[in-house]
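Structural description and commentary
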Amino acid sequence: MKSVFKSIREDFSNIKLEGNYGLWMILLLGATLYFQQSWVPGFFQDGYLYTVFGKNAAELGHWLIPFQSKTQYPQFDHHPPFLFMIEGLFFKLFGSSYSSARIFSGSWSLATVLGVFLFFKDIKKPRWGFFSSLILILIPSLLKKTRFPNLDVPLMFCFFMSLSSYYLAVFNERKNNWYLCGFFTGLAFLIKGFPALVIIGIMFLHLLINGRINELKKFTPWIGLLLSVLIVSIWPMALYLKGDYQVFHNYVIGQFFNTIVKGRMTNDPQYFLYFTHLFKTVLPWLILAFLGWRKAIKNEDKSIFSLFLVWFTLILLPFSFVKFKYSNYIIPLYPALAIMAGYYLSKLKNNIQDKIY
């Protein structure tokens, strides 16, 4: 028996971390964790609400304006409808159920994990991509929030796709990626609205830090931005043509006065609440991210590592100063954290990396 296990171990050790087996391992682990217990009924409160919007789109035809019932949220104007429309299409294909709702939500996390792996494979850093994907899967808060429909997990996916496209456009000279960046930034706005502005802030600050602000003198970044604006404008234009522009007006007013103005700190700031949450749930990855930062500032990886550091910081710090704090609000920073932590593991000696693998 020992000889059999030794043989299996030796055969497995010959499967290189850089190869496709690493990708299949990541996808299998991600699918197992994200989709397990998809048949279990019951959600967190918002999960019920967001599932009903998709269900009523698929079954009752309420696509443009989310609808819960005639007495509660007959015209839901707290968030844009895009995610609920996609969910409705998913329900059209697979039926409306707890299982399909959970699988719909988990698919966004799995797509983000796949995106991280393929991005680093594309830029010839497959080991960094493998460990980053692995760590992202193993973040407890993300795993918990993935199991019910919400806006922040799809927003996380759009953050990653937009910012990775931005990096390829600027630092790998793939100018057409500015259009992908603009496309996913526009989708981020259609999913959750104003929080997508953080994407633009991250790109601007990263260009400034790396002395590449002259990129904004070129034509393609502004075409990407224009594409974002055009995508966002689809929603209010559709409402206007339908005669329901008031829904968009209510959304903008509600977001500005109820979220931005009333969201300012009052008597109990709790500035460190998110820091405490991260220390409780992802302390090992925070330590690895810090060690990765120390390594990155000493070598040629500063430009790419700084993108994820800025990304992490521009979500954590500003959101720590607002009144309303929910753990799902910082979900979009998890890919950045996982990538910074994965960087440190990718810089260990190859034989240590292979043992982890």
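Shown above is the structure to which this text applies.
Before going further, it helps to spend a moment on the overall build of the chain. Tallying secondary structure elements over the chain gives 17 helices and zero strands in all. In terms of overall size, the chain behaves like a compact globule, its C-alpha atoms giving a radius of gyration of 21 Å where 357 residues would be expected to give roughly 21 Å. Its C-alpha atoms give the chain principal-axis dimensions of roughly 70 × 55 × 45 Å. In the chain, which comprises 357 residues, the share counted as buried stands at 48%. When contacts within the chain are restricted to residue pairs at least 6 apart in sequence, long-range pairs at least 24 apart make up 77% of them. Of the charged side chains in the chain, 34 are positive and 16 negative; the average position of the first set lies 5 Å away from that of the second.

With that out of the way, let us pick up the nonpolar core. By size, the foremost hydrophobic cluster in this structure holds 103 residues, and its most contacted members are Tyr 166, Phe 308 and Tyr 334. No other element matches the 14 residues that helix H8 (residues 152-171) contributes to this core.

This brings us to the packing of aromatic side chains. Tallied over the entire structure, the rule returns 35 aromatic pairs. Here the aromatic rings of Phe 119 and Phe 160 are separated by 6.0 Å at their centres, their planes lie at 90°, and the arrangement is edge-to-face. Of this pair, Phe 119 sits in helix H5 (residues 98-122) while Phe 160 is found in helix H8, placing the two residues 41 residues apart along the sequence. The exposure class assigned to Phe 119 is buried, which follows from its relative accessible area of 6%. Take Phe 160: its relative accessible area is 1%, and that puts it in the buried class. Ring plane angle 65° and centroid distance 5.7 Å describe the contact between Tyr 166 and Trp 178, whose orientation is recorded as edge-to-face.

Here we come to helix H9 (residues 177-192). Compared with the 22 Å implied by 1.5 Å per residue over 16 residues, the 23 Å span of H9 between its first and last C-alpha is a close match. The element H9 is largely enclosed, with a buried count of 13 among its 16 residues. Phi turns positive one or two residues past the end of H9, at Gly 193, with a value near 80°.

Axes are the key here: two packed helices are described by the angle between their axes and the distance separating the axes. The geometry of helix H15 (residues 302-320) relative to helix H16 (residues 334-346) is characterised by a closest axis approach of 8 Å and an angle of 140° between their N-to-C directions. On the basis of the axis angle, H15 is oblique to H16. Of the two possible hands of crossing, H15 and H16 adopt the one that is left-handed. Between H15, through Phe 305, Phe 308, Leu 309, Trp 311 and Phe 312, and H16, the contact on the second element is made entirely by Pro 335, Ala 336, Leu 337, Ile 339, Met 340 and Tyr 343. In terms of residue class, the contact of H15 with H16 is made up of 11 nonpolar, no polar and no charged.

A few words now on unusual backbone geometry. If you check the backbone angles, Gln 37 has positive phi at about 60° while not being a glycine. Relative to the helices and strands, Gln 37 is located in the loop between helix H2 (20-35) and helix H3 (45-60). Of the residues examined, Gln 37 reaches a relative accessible area of 42% and is grouped as partly exposed. Its identity as a non-glycine residue notwithstanding, Glu 173 has a phi of 55°, on the positive side. Mapped onto the elements of the fold, Glu 173 is located in the loop between H8 and H9.

In contact at an axis separation of 7 Å, helix H6 (residues 126-137) and H16 are set at 130° when each is read in the N-to-C sense. It follows that H6 is oblique to H16 by the angle criterion. The crossing of H6 and H16 is right-handed. Across from Arg 127, Trp 128, Phe 131, Ser 132, Ile 135 and Leu 136 in H6, the residues of H16 making contact are Tyr 334, Pro 335, Ala 338, Ile 339, Ala 341, Gly 342, Tyr 343, Leu 345 and Ser 346. In the contact of H6 with H16, the residues fall into 11 nonpolar, three polar and one charged.

So, on to the side chain of Thr 220. With respect to the element layout, Thr 220 can be found in helix H11 (residues 220-242). Each residue touching Thr 220, except ones within four places of it in the same chain, is listed here: Lys 175, Trp 178 and Tyr 179.

Inspection of the secondary structure assignment puts Ser 109 in helix H5. Residues contacting Ser 109, with those up to four places away along its chain left out, are Tyr 34, Leu 142, Thr 146, Val 153 and Met 156.

Parameters and conventions
- Just so you know, the residues in each chain are numbered from 1, in the order the chain's sequence is written.
- Owing to the predicted nature of the model, reporting of local features is limited to residues with pLDDT of at least 70; listing and counting of side-chain atom pairs is limited to 80 or more, with chain, interface and lining totals taken over all residues.
- With hydrogens and water excluded, all non-hydrogen atoms of the structure serve as input to the side-chain values.
- Elements are defined by DSSP. Helices are runs of H or I of four residues or more, strands are runs of E of two residues or more, and each kind is numbered from the N terminus.
- The globule rule used here is 2.2 Å times the number of residues to the 0.38 power, and the radius of gyration it is set against is calculated over C-alpha atoms.
- Only protein chains enter the calculation, and the probe is 1.4 Å; a residue is then buried if its accessible area is under 20% of its type maximum, exposed if over 50%, and partly exposed in between.
- Residue contacts are defined here by distance: any two heavy atoms, one from each residue, within 4.5 Å place the two residues in contact.
- His residues and chain termini do not enter the charge count, which takes Lys and Arg as positive and Asp and Glu as negative.
- To locate a charge, the coordinates of NZ of Lys, CZ of Arg, CG of Asp or CD of Glu are taken.
- Only buried residues count toward a nonpolar core. Its members are Ala, Val, Leu, Ile, Met, Phe, Trp, Tyr and Cys residues joined through side-chain atoms within 4.5 Å.
- Here is the rule: rings of Phe, Tyr and Trp (six-membered ring for Trp) pair when centre to centre is within 6.5 Å. Planes less than 30 degrees apart are stacked, more than 60 are edge-to-face, and the remainder are tilted.
- Here the expected span of a helix is defined as 1.5 Å times the quantity of residues minus one.
- Axis definition: a line fitted to C-alpha atoms, limited for helices to the stretch in contact. Angles are taken between N-to-C directions and run from 0 to 180 degrees.
- Angles below 35 degrees are treated as roughly parallel, those above 145 as roughly antiparallel, those between 65 and 115 as roughly perpendicular, and all remaining angles as oblique.
- Left-handed describes a crossing whose near helix is turned anticlockwise from the far helix through less than a right angle; right-handed describes the clockwise counterpart.
- Side-chain classes are defined by residue name, with Ala, Val, Leu, Ile, Met, Phe, Trp, Tyr, Cys and Pro counting as nonpolar, Asp, Glu, Lys and Arg as charged, and the others, Gly among them, as polar.

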